[in-house]
Amino acid sequence: MKNAYQRTHLHPRFFFTVSLMMATLIAVAGDHVENRSEWLLDTVPQHWVLEQQYFMTTPDEDRWWHEFNDPVLVALIQKGVTNNYDVQVAARRIEMAHQTERATKAGYYPTVNLAGNWTREMTASTVHGEHPHEQSMSYFQLGLAVNWEIDLFGRIKQQLKADRANYYVSVEDYNAAQVSLCSNLAKAYFQLRLAQEQVKIAEANVAIVEKQKVLADARYEAGLRPLLDEVQARMSVVQTRATLPQLRANVRTYLNQVALLVGEYPDKLEYLLEDSALPSAPEPGNVADPQALLRRRPDIVSAEQQLAATAAQIGIAKKDFLPTLSVTAHVGTQAHTLSQIFSNNAYYYTVLPTLTWTVFDGMARNAKLAQARLQMESQIDSYNLTVMTAVSEVNNAMLSWQSIGEQIIYQEMILKDARKQLELQTDRYLQGLNGFSDIAGAQAQVLQYENSLIQLKASQLAAIVTLYTALGGGF
């Protein structure tokens, strides 16, 4: 499912960008936001700048995963955006919010009911006398009833503002579901490729230690080395082979996780088990405009819209202090027999305008208004926390990517030295200068460092995905 939603935002000249929030509060809450700038983490600027409209793109339009140059990953994410059940649920919630808004709009129009009935009544003779015609009566009735609450003071208008904000919240929840899906699917895919790489490393090391065992057996049979070397060589082979079952199980586990996120059963994704290397990590590059990128984040936009909804609730609570004007009308026919139901004398109508004003309700309206104001203050705190969390996540993701890159450089140096050490230990063994345990220890270190290096490369890929996600789905 693919959607794009167009919105206009007001941007101030400071990092936390609270323009839409304040504009909404001023427009909706009116005097309830006076002298409230101390709630914000920064002072409000003197002037607002209205920038041009832009499209808030969804993750499947950003396509940051193309940077990894892996066609399988691209195909999986495209399929996941269409099939994933969490995304589908979020999409349906958008439609539910839209229908809620439509239901509120219906309040601008009158309600018309058509009713028809037959009534038979019998009155008490102790009150109306003992004559038969006074004790019982029957008649048919057919008519229309019209009820119309006129939005004289804007109560329905305020409710529509709240519904519209909630609709945008559902849109951002949908965008957030897509961002989360693409991020989790990419990370699960990288874990799958990592597990496959670890299997290949373990299988290659099994082949190496088997050759070392052949060498140890030959030197033992020639009487050049003791039986201990042959036993140690056999143990090295068995220990290396023992890692394979768990590694192969990890491959299947991550395949199942990828299948769940894609929305298909694992047997349809067996092609993922084909030999494929871990993708190379792209360079994220410089973040040109972190403020604009952060405003792409669905959670920040959702927090803005939730604030707009709570501000609208203040307006709704204020309208409860004002009177309501409604009009009720009835038109229809009444007759004792069906043959007379449409006769000229059978028609009747009533029109009843009503002005209702609650004078006293035990301070319930005051409590609701105070609750709405507190809810708005709480939502402001939530907005500020959301922005701070976003900044922290971006900083952490960038630091993680940079630190992992440095670790990879050092790990490659260590692995190079470990392989050289294995080569030297093997030469010394052939010269009879050391035992097989030295070769086995050096080989175990090579295996350890190879696994550490491939894990760091997978972690670097995950860190880039986290950075893309923290910035709202890409650059």
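Student: Before we go on, may I ask you to explain the overall build of the protein in this structure?
Tutor: A tally of regular secondary structure across the protein gives 13 helices and eight strands. Sorting the 475 residues of the protein into buried and exposed places 40% on the buried side. Partitioning the contacts of the protein with sequence separation of at least 6, the portion at a separation of at least 24 is 83%. Accessible surface, the protein: about 26,000 Å² in total, of which carbon and sulfur atoms supply 55%.

Student: Sorry if this is basic, but what is going on with the pattern of salt bridges here?
Tutor: Overall, the coordinates contain twelve salt bridges when judged by the stated rule. With its nearest N and O atoms 2.7 Å apart, the salt bridge here joins Glu-101 to Arg-164. Placement of the pair is Glu-101 in helix α4 (residues 85-105) and Arg-164 in helix α7 (residues 155-221), with a sequence separation of 63 residues. Residue classification places Glu-101 among the buried residues on the basis of a relative accessible area of 5%. With relative accessibility at 29%, the residue Arg-164 sits in the partly exposed group.

Student: It is not clear to me how the layout of surface pockets should be interpreted in this structure. Could you clarify?
Tutor: Take a probe with the size of a water molecule and roll it over the atoms, and the empty space left behind shows itself. In this structure, the second largest pocket occupies an estimated 230 Å³ of space. If you go around the second largest pocket, you meet 14 residues; those closest to its centre are Ser-236, Gln-239, Thr-240, Ala-440 and Ala-444. Those elements that place two or more of their residues in the lining of the second largest pocket are α7, α8 (227-242) and α13 (436-470). By residue number, the principal contributor to the lining of the second largest pocket is α13, which donates six residues. Class assignment of the residues belonging to the lining of the second largest pocket gives a composition of five nonpolar, nine polar and no charged.

Student: Teacher, can you tell me more about the sheet that holds strand β7 (residues 324-335) here?
Tutor: Strands pair in a sheet through their backbones, by hydrogen bonds, and they do so in one of two ways: parallel or antiparallel. Spatial strand order, β5-β6-β7-β8: four strands in an open sheet with antiparallel pairing. Both outer strands of the open sheet, β5 (111-122) and β8 (347-356), are each paired with one neighbouring strand and no more. Within the sheet, the average angular offset between the axes of one strand and its neighbour, ignoring direction, is 20°. As defined by bridge partners, strand β6 (residues 136-150) adjoins β7 across eleven bridges and the pair is classed as antiparallel. Bridge pairing in β7 links Phe-140 to Ala-335.

Student: It is not clear to me how the packing of aromatic side chains should be interpreted in this structure. Could you clarify?
Tutor: The geometry of two aromatic rings is summed up by the distance between their centres and the angle between their planes. The final tally for this structure, using the stated rule, is eight aromatic pairs. Summarising the aromatic geometry, the rings of Trp-64 and Tyr-468 are spaced 5.5 Å apart at their centres and angled 40° between planes, so their arrangement reads as tilted. In this pair, Trp-64 is assigned in the loop between α2 (59-62) and α3 (71-83) and Tyr-468 in helix α13, connecting sequence segments 404 residues apart. Judged by its relative accessible area of 4%, Tyr-468 is buried.

Student: Which parts of the structure should I look at to understand α8?
Tutor: Three or four residues apart is the spacing at which side chains of an α-helix point the same way, because the helix has 3.6 residues per turn. Taking 1.5 Å per residue, 16 residues should reach 22 Å; α8 reaches 23 Å between its end C-alpha atoms and fits that length. Listed as buried for α8 are Asp-229, Glu-230, Ala-233, Ser-236, Val-237 and Thr-240. Considered in projection along α8, the buried side chains sweep an arc of 120° and stay on one side of the axis. Every exposed residue of α8 that faces more than 90 degrees away from the buried side is listed here: Leu-228, Val-238, Gln-239 and Ala-242. Tucked into the core, α8 has its buried residues touching α7, α9 (244-262), α12 (364-430) and α13.

Student: What am I meant to see in α7 here?
Tutor: Given a rise of 1.5 Å per residue, 67 residues ought to cover 99 Å, and the 97 Å separating the end C-alpha atoms of α7 matches this to within 8%. Backbone geometry just after α7 places Gly-223 at a positive phi near 80°.

Student: It is not clear to me how the pairing of β6 should be interpreted in this structure. Could you clarify?
Tutor: Here is the key point about a regular strand: its side chains alternate between the two faces of the sheet. Of the strand pairs in this sheet, β5 and β6 are connected by twelve bridges, and their pairing is antiparallel. Note that in β6 the partner of Asn-117 across the bridge is Gln-141.

Student: Could you clarify how one ought to interpret the packing of α7 against α8 in this entry?
Tutor: Two quantities define a packed helix pair, namely the angle between the axes and the distance from one axis to the other. At their nearest, the axes of α7 and α8 sit 9 Å apart, and the two run at 165° to each other. When the axis of α7 is compared with that of α8, the two are roughly antiparallel. Note on packing geometry: the crossing formed by α7 with α8 is left-handed. Contacts between α7 and α8 pair Ala-202, Asn-205, Val-206, Val-209, Glu-210, Lys-213, Ala-216, Asp-217 and Tyr-220 from the former with Leu-227, Asp-229, Glu-230, Ala-233, Arg-234, Ser-236, Val-237, Thr-240 and Arg-241 from the latter.

Cut-off values and rules
Residues numbered from 1 in each chain as written. Predicted model: local features only at pLDDT ≥ 70, side-chain atom pairs only at ≥ 80, totals over all residues. Heavy atoms only, no water. Helix = DSSP H or I, 4+ residues; strand = E, 2+ residues; numbered from the N terminus. Buried < 20%, exposed > 50% of the residue type's maximum accessible area, 1.4 Å probe, protein only. Contact = heavy atoms within 4.5 Å. Areas by Shrake-Rupley, 256 points an atom, 1.4 Å probe, with all protein chains shown as cover. Salt bridge = Lys/Arg side-chain N within 4 Å of Asp/Glu carboxyl O. 1 Å grid on protein atoms, 1.4 Å probe; cavity = no way out; pocket = protein on both sides within 12 Å on 5 of 7 lines; lining within 4 Å. Points joined across faces, edges and corners; volume = space filled by probe spheres on them. Nonpolar A, V, L, I, M, F, W, Y, C, P; charged D, E, K, R; others polar. Pairing = 2+ DSSP bridges. Axes fitted to C-alpha atoms, helices over the stretch in contact; angles between N-to-C directions. Phe/Tyr/Trp six-rings, centres within 6.5 Å; stacked < 30°, edge-to-face > 60°. Expected span 1.5 Å × (residues − 1). Arc of directions from axis to C-beta. Parallel < 35°, antiparallel > 145°, perpendicular 65-115°, else oblique. Left-handed = near helix turned anticlockwise from the far one by under 90°.

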